[in-house]
Amino acid sequence: MTVDVHAHFWTDDYLDKVAALGKTDTAAQRGRGAGDGAELDARLALMDRAGVGMQVLSASPQLPHGPDQAAAVSAARYVNDQYAGLAARHPGRFAAFASVPLPHVDASLAELARALDDLGMVGVAMTTTVLGEPLVDSPATELFAELDRRGTVLYLHPAGNAACTPLIAEHHGTWSIGAPVEDTISALHLITHGIPSRYPRMKILNSHLGGALPMLLQRMDNQLPWEAPETPEAPSAAARRMWFDTVGHGHPPALRCAADSFGADRLVLGTDFPYESGAVFERAVSYITTSGLAPGDADRVLSVNAEALFSWRDL
């Protein structure tokens, strides 16, 4: 079965809740086709046309993060219940990554347990920065030990903050350039902090082919001894402990570079629905088979690798 690990679902009621938490960019998600009702029917029809059997949904980057703990918990429970209900209504078509109410650690651990144990979710979604703080410096790291104990997935998605630089935000590049830059910086932080080796059972899934990481691994390996000598292993080795979705906007050279750099066994299909929809969504799937990957690798990316990333009994 073809599994799409990078797809979004939002209702206006949920977006109202995260707007109340302080999110100022929810307009970008409204009316794009990622809701319920007729929008959901159209999504399912598009999945069928593209040959996608299942989507693993996430609310990122509109996650329930904010200083008001009660409001953050309410929003997290709301969206997790929404996703569980959607999966129950359409058996076998949808799974989901849980949302947790960061930066509130105890509440996040409680919601993580509820979502994974009671609602059957297949991992936890976080953003590459949490309320503007690097993930590896944020309270989110206090959840890593539990994710490692469970051997579950940590799905990372850009926050949409242009990597906190006006060089991107003020020059019309927040999502076109900023998002993959966020992915790249986050992967650098994970590697230099030794997160993949410290938590080897936590399955880290990065978005957008890892940003520029496939092109930078050799450079990072070469410069590690003088720039980050305390890094516990070579960046190329650390990167191959992680996973990467194939959201590359249908660009075959980018997909081949990621496959060559990480190994095709570390890639899983992603479409970024609803931002890639219609014919663009179909291309996000079909380019896996037309980009010149080695024989057999396309099947691995489209379906087989998901068996290693997720437990089928949870799906």
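Residues numbered from 1 in each chain as written. Predicted model: local features only at pLDDT ≥ 70, side-chain atom pairs only at ≥ 80, totals over all residues. Heavy atoms only, no water.

Participant: I'd like to hear about the pattern of salt bridges, residue by residue, with values.
Facilitator: Applying the stated criterion across every chain yields a total of 14 salt bridges. Notably, a salt bridge pairs Arg93 with Asp48, separated by 3.0 Å at the nearest N-O pair. Residue Arg93 is located in the loop between helix H3 (69-89) and strand S3 (94-96), and its partner Asp48 is located in helix H2 (residues 38-50); the two are separated by 45 residues in the primary sequence. Shared partners join several salt bridges into a network, and the residues in it are Arg77, Asp81, Glu111 and Arg114. (Salt bridge = Lys/Arg side-chain N within 4 Å of Asp/Glu carboxyl O. Helix = DSSP H or I, 4+ residues; strand = E, 2+ residues; numbered from the N terminus.)

Participant: Explain helix H4 (residues 105-118) to me, and be specific about the residues and the numbers.
Facilitator: With 14 residues, H4 should cover 20 Å at 1.5 Å per step; its first-to-last C-alpha distance of 19 Å lies within 8% of that length. Where H4 ends, the next residue or the one after it, Gly120, has phi of about 75°, a positive value. (Expected span 1.5 Å × (residues − 1).)

Participant: Go over unusual backbone geometry, please, and point to the residues and values.
Facilitator: The omega torsion across Ser60 and Pro61 is 0°, close enough to zero to call that bond cis. Relative to the helices and strands, Pro61 is located in the loop between strand S2 (54-58) and H3. At the junction of Phe273 and Pro274, the peptide bond is cis and its omega measures out at 10° in the coordinates. Mapped onto the elements, Pro274 comes out in the loop between strand S10 (267-268) and helix H12 (278-290).

Participant: Please provide a residue-by-residue account of the sheet that holds strand S8 (residues 203-206), values included.
Facilitator: The parallel open sheet is built from five strands, whose spatial order is S4-S7-S8-S9-S10. Of all strands in the sheet, those with a lone pairing partner are strand S4 (123-127) and S10, marking the two edges. Two strands pair when backbone bridges link them, and S4 and strand S7 (residues 153-157) are joined in this way by five bridges, in the parallel orientation. Bridge pairing in S7 places Ala125 opposite Tyr155. (Pairing = 2+ DSSP bridges.)

Participant: Describe in detail the side chain of Thr271, supporting the description with residues and values.
Facilitator: Looking at where Thr271 falls in the secondary structure, it is placed in the loop between S10 and H12. You can call Thr271 buried: its relative accessible area is 0%. A polar contact is formed between the side chain of Thr271 and the backbone nitrogen of Phe273, at a distance of 3.3 Å. (Buried < 20%, exposed > 50% of the residue type's maximum accessible area, 1.4 Å probe, protein only. Polar contact = N/O pair within 3.5 Å; in protein donor to acceptor, adjacent residues only side chain to side chain.)

Participant: Please give an account of the packing of H2 against H12 that cites residues and values.
Facilitator: At their nearest, the axes of H2 and H12 sit 9 Å apart, and the two run at 40° to each other. Taken together, the axis directions place H2 and H12 in an arrangement best described as oblique. For the pair H2 and H12, the crossing hand works out as right-handed. Contacts between H2 and H12 involve Leu46, Met47, Arg49 and Ala50 on the former and, on the latter, Gly278, Phe281, Glu282 and Val285. (Axes fitted to C-alpha atoms, helices over the stretch in contact; angles between N-to-C directions. Parallel < 35°, antiparallel > 145°, perpendicular 65-115°, else oblique. Left-handed = near helix turned anticlockwise from the far one by under 90°. Contact = heavy atoms within 4.5 Å.)

Participant: Tell me about the packing of aromatic side chains, and name the residues and values.
Facilitator: Following the criterion strictly, the structure yields seven aromatic pairs and no others. For the ring pair Phe144 and Tyr199, a centre distance of 5.8 Å and an interplane angle of 75° mean the geometry is edge-to-face. In this pair, Phe144 sits in helix H5 (residues 144-150) while Tyr199 sits in the loop between helix H8 (195-198) and S8, placing the two residues 55 residues apart along the sequence. Plain terms: the ring middles of Phe244 and Phe262 are 3.8 Å apart, the flat faces sit at 5° to each other, and that makes the pair stacked. Residue Phe244 is found in strand S9 (residues 243-245), and its partner Phe262 is found in helix H11 (residues 252-262); the two are separated by 18 residues along the sequence. By the burial criterion, Phe244 is buried, and Phe262 matches it. Taken together, the aromatic side chains of Phe97, Tyr155 and Phe310 make up a single cluster linked through ring pairs. A cation over a ring is seen here: Lys17 above Tyr78, with NZ or CZ 5.0 Å from the ring centre. (Phe/Tyr/Trp six-rings, centres within 6.5 Å; stacked < 30°, edge-to-face > 60°. Lys NZ or Arg CZ within 6 Å of the ring centre and 35° of its normal.)

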